Amino acid sequence: MIVKVNNLVKRYKELIALDHFNMEVEEGEIIGLLGPNGCGKTTAINCILSLLSFDKGEIEVFGKKMTPNSYDIKQQIGLVPQEVSVFDNLTVRENIDYFCGLYVDNNNLRKQYVDEAIEFVGLKDFIKFYPKKLSGGLKRRLNIACGIAHKPKLIFLDEPTVAVDAQSRNFILNGIKKLNKEGSTIIYTTHYLEEVEMLCKRIIIMDNGKDLVSGTKEELKAMITTSEKIVVGFSTVQDEVVEKMKNIPHVIDIEKDGEDYIIKFENGFNNLTNLLDFIKKKDLTYTKLHSQLPTLNDVFLELTGKELRD
Amino acid sequence: MRNLFRNCLYQGKNLFRDFGFSFWSLAYPLILSVFFYLSFSGMMNIDLENINLGIEEGNRIGYILEEIEILNIHNISQDQAIEKLNNDEIHGFIDEDLNLRVKKSGINQTIIKEIIEQIKQMERLNRPIGNYDFEVDYILDRNQNANPIIVTFYSLIAMVSTYGVFAGIVTVILIQANLTNIGARLSITPLKKYNFLIAGFIVALTLNLFANGVLFIFIKYALKIQLFNEIKYSSIFVILGNVFGTALGIFIGASNKRSHNVKTLMAVATTLILSFLSGMMGPHIKVMLDKNIPILGRINPISIISNNLYRVNLLESTKSVKEGILILSLYSILLIFSSYMFLRRRNYDSI
C-alpha cells in the first residue's frame, strides 16, 4: 500500500471539508478521485501531502506517517498542482531544471531528466520561453514537467487538464498513461468523467468531503439499479403509448430528453429486443434507437441525486 | 551547500528579471536622485545670487563687500537693520566691529558668516584685504560640505540601502504555501525552508548592493557629486542598511497574509516615512525633529545611516558609529527572530 488514509476529518471553521474520508492506493495503479468542484479533492491531497493540518484521522505514505518534515517521503513524490505554479521570470528549461534539482543532485543525471521531461511534455521548441509567453495548454504542460521531471514513484495530479484545449488535453492524458507504464503510481483528481473512464484503474467518487464509493468503473456501475439505457426517438407517439412502455420487462424509468426518450432498464436480458417488439406491435416509427451502458454520471446521480456536472 | 548555491542562482535570476526589482531597486533611486539634484540645484542657484546684506554706513569693509557679486549691500542704520531682519528684507547685518547679526539660520547666513570670518582672518594675518578675491575664494575653495543637496543625498542613499526590503518580501512569499502557488509546490519538495530563505537573503543583499553601486556611480559620474571620502564606515553602514532592509522585507512578508502588492506598498510607505523623518524631503524637517524630538534621529534606522554617512564623510567624526552599528544590528536581529516565529510553522489551517 503506497497511500493509506483513514477517517480523515478536516474542518474550515464551520465547514466540514473532509468528513471521515478514506483512501487506499496500491503501487502501480492510477486511482481517480472523482467529484464535483468543491467536494474536497484538493483538500484531501493537501492533507496527504502535509500542507494542511487536519482535525482527525491517519495518513500513511510509503508505509510511514506523513509529516511536514518527512523529507525522505517527499523525495519520492511529485505534485502537479491545479494552478500553474512556476517562476514567472525563469524560462521553461530553467523552471524544470530548478524543480528537478530539488530532488536530483547529480548534474549529468539532472540534465538527462530535464531533457526527458521537456521531450515528454513536448516543449522542446519553447525551452527559452518565459511562462507568460506560453499558451494556457503549454503552461499546463510546463506545470506537469516541473512535477514529474525527477521521476517520482508517486505522482499527484490535481485537475491537470482544467482550461486546456483538446490537443493539449489528449497529450496530457496520453502522457499520464505513459508515466504509469514507466512505473509511477498516480493519484488523479478531476471532475471530468471521460478522463477517469479513460485513465483510471480504480475510482473513488467523492461528494461533500466523503468517499461515497470506490472500485473499478465496472464495479461502480454494477452498484446501481440501472444496467442499460436505450435512447429512442419517434416521429409521433401518444403519451399513453409511452406510459405503456413502462410495462416492458425490466423498465424502471422513462425520461424525456428533448424529442427523445431515455428508457432505463434494470439488470435483465434482451432489453433491446423487447423494446423493438413493443414498437412493432404498436406500429410506431422510430427515428433513432441506440443502447448505452450506464456512465459514472449515472452512478453519481443515483448515489447523490444530482448530476456530477451541476 | 550545493543546494544553497543552486537556490541563490535561480532566485537571483528570478529576482533580477522581475519588474518590481528593476523599478524599485534600480530605476526609482536614479529617478529620485535626478529629481533631488534638479530641484535642490535650482534652489541653490537662486539663493547664491541674492544674498541681501545690511552694513552700517561707513563700514570699513563696505567697499570689499560691494565687490562680491553674490551680495546685495544695503547701507542702513542699526535700528533699520532690526526692522529689515524682522521683515526678511535682509539675510544679515554687519556692524562696524564686524559682528554679524541674523534673525534665523540658513545657507545665506552661513555664507555671510564665512565671508566675515575670512575677512577677520585676513586682518589678523595683516594681509592686504583689498587684493583678496573673496568671491573666487568663497565659491571655488568652499567645499560642498554645507550644501544641503549633500545631506539630502545621504538620506536618499540611506533609504535605498534598505531597498532589499522588496527582495526580502519576494523571498518569503515564494516559500509560504499559504501565500503563493509556488510556495505550496515548494513545500512538498525535499527543500528545507531555511535553505530557501538563506539563499533569498543572500540574493536580496547582493542584488540590492549592486543596485546601490549603480546609484553611487550615477551620482558620482553623472551628477558629479562626491559623497564618499571615508570608505570603511560608509561601506559598513550601507551594508547594514541592506541587512536591515532585507530583514524588514522578510518580516513584512512573513507577518501577514496580505497580497504581494499590499506588502510592497507597506514596504514603500515604511521606508518613505522613515526617510522623510530623516530629512530626505528637505533638511528643515530633520532640523526641526532633531530640535524637538532628538531621540527620533537616534532610533530611526534611516536617520542612523544618513547621519553616520554625513558625519564620517563630511565631519570626519566616528563618534556615533558604534552606537549606529549596534542599533541597526539589533533591529536586524529582532526582525529576523520575529520573522522566524511567523515562519516556523510547518503546515497550515487553510491555503
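For chain A, the name recorded in an unreviewed UniProt entry is Putative ABC transporter, ATP-binding protein SagG, with [Clostridium] ultunense Esp as its organism.

Sorry if this is basic, but what is going on with the nonpolar core here?
Buried together is how nonpolar side chains tend to be arranged in soluble globular proteins. The biggest cluster of nonpolar side chains holds 142 residues, and the ones touching the most others in it are Ile48(A), Ile96(A), Ala117(A), Ala145(A), Ala149(A), Tyr188(A) and Phe166(B). The greatest single-element share of this core, amounting to eleven residues, is contributed by helix α11 (residues 232–255) of chain B. Leaving out residues up to four positions away in the same chain, Tyr188(A) has contacts with Ile30(A), Ile31(A), Gly32(A), Leu157(A), Ile176(A), Leu199(A) and Cys200(A). Core analysis: the next-biggest nonpolar cluster, separate from the first, contains twelve residues, Ile51(B), Leu71(B), Ala81(B) and Phe93(B) among them.

What's the story with the sheet that holds strand β13 (residues 260–266) of chain A in this structure? I'm lost.
By definition, the strands of a sheet pair up through backbone hydrogen bonds, in either a parallel or an antiparallel sense. Residue and element names in this part refer to chain A. What the four strands build is an open sheet, ordered β12-β13-β11-β14; its pairing is antiparallel. Two strands lie at the open edges of the sheet, namely β12 (251–257) and β14 (286–292), each paired on one side alone. Direction aside, the axes of adjacent strands within the sheet are offset by 20° on average. One ladder, built from seven bridges, connects strand β11 (residues 226–234) with β13; its direction is antiparallel. By the bridge assignment for β13, Lys 229 is matched with Lys 264. Relative to the sheet, helix α10 (residues 271–281) contacts β11, β13 and β14, its axis offset from that of β11 by approximately 30°.

I tried to follow the UniProt feature "domain: ABC transporter" (unreviewed entry) in chain A on my own but got confused; where do I start?
Cross-referencing UniProt, the feature "domain: ABC transporter" (unreviewed entry) maps to residues 3–233 of chain A in the present numbering. Between the end C-alpha atoms of residues 3–233 of chain A there is a gap of 48 Å, over a span that is 34% helix and 30% strand.

It is not clear to me how α11(B) should be interpreted in this structure. Could you clarify?
Residues spaced three or four apart along an α-helix point in a common direction, a consequence of the helix completing one turn every 3.6 residues. A rise of 1.5 Å per residue sets the reference length of α11(B), with its 24 residues, at 34 Å; its end C-alpha atoms lie 34 Å apart and thus fit the reference within 8%. Judged by how many residues are buried, α11(B) sits mostly within the fold: 18 of 24 residues are covered.

Just checking my understanding: could you explain helix α1 (residues 41–48) of chain A for this structure?
All names here are of chain A. Here α1 lies mainly inside the structure; eight of its eight residues are buried. Inspection of α1 places Lys 41, Thr 42, Thr 43, Ala 44, Ile 45, Asn 46, Cys 47 and Ile 48 among the buried residues, and these make up the whole buried set. Phi turns positive, to about 65°, at Ser 50, one or two residues after α1.

Rules of the game
Residues numbered from 1 in each chain as written. Chains lettered and ligands numbered in written order. Predicted model: local features only at pLDDT ≥ 70, side-chain atom pairs only at ≥ 80, totals over all residues. Core = buried A, V, L, I, M, F, W, Y, C linked by C-beta atoms within 7 Å. Buried ≥ 20, exposed ≤ 12 C-beta atoms within 10 Å, placed from the backbone. Helix = DSSP H or I, 4+ residues; strand = E, 2+ residues; numbered from the N terminus. Contact = placed C-beta atoms within 7 Å. Pairing = 2+ DSSP bridges. Axes fitted to C-alpha atoms, helices over the stretch in contact; angles between N-to-C directions. UniProt positions renumbered as here; feature names shortened; annotations may be inferred. Expected span 1.5 Å × (residues − 1).

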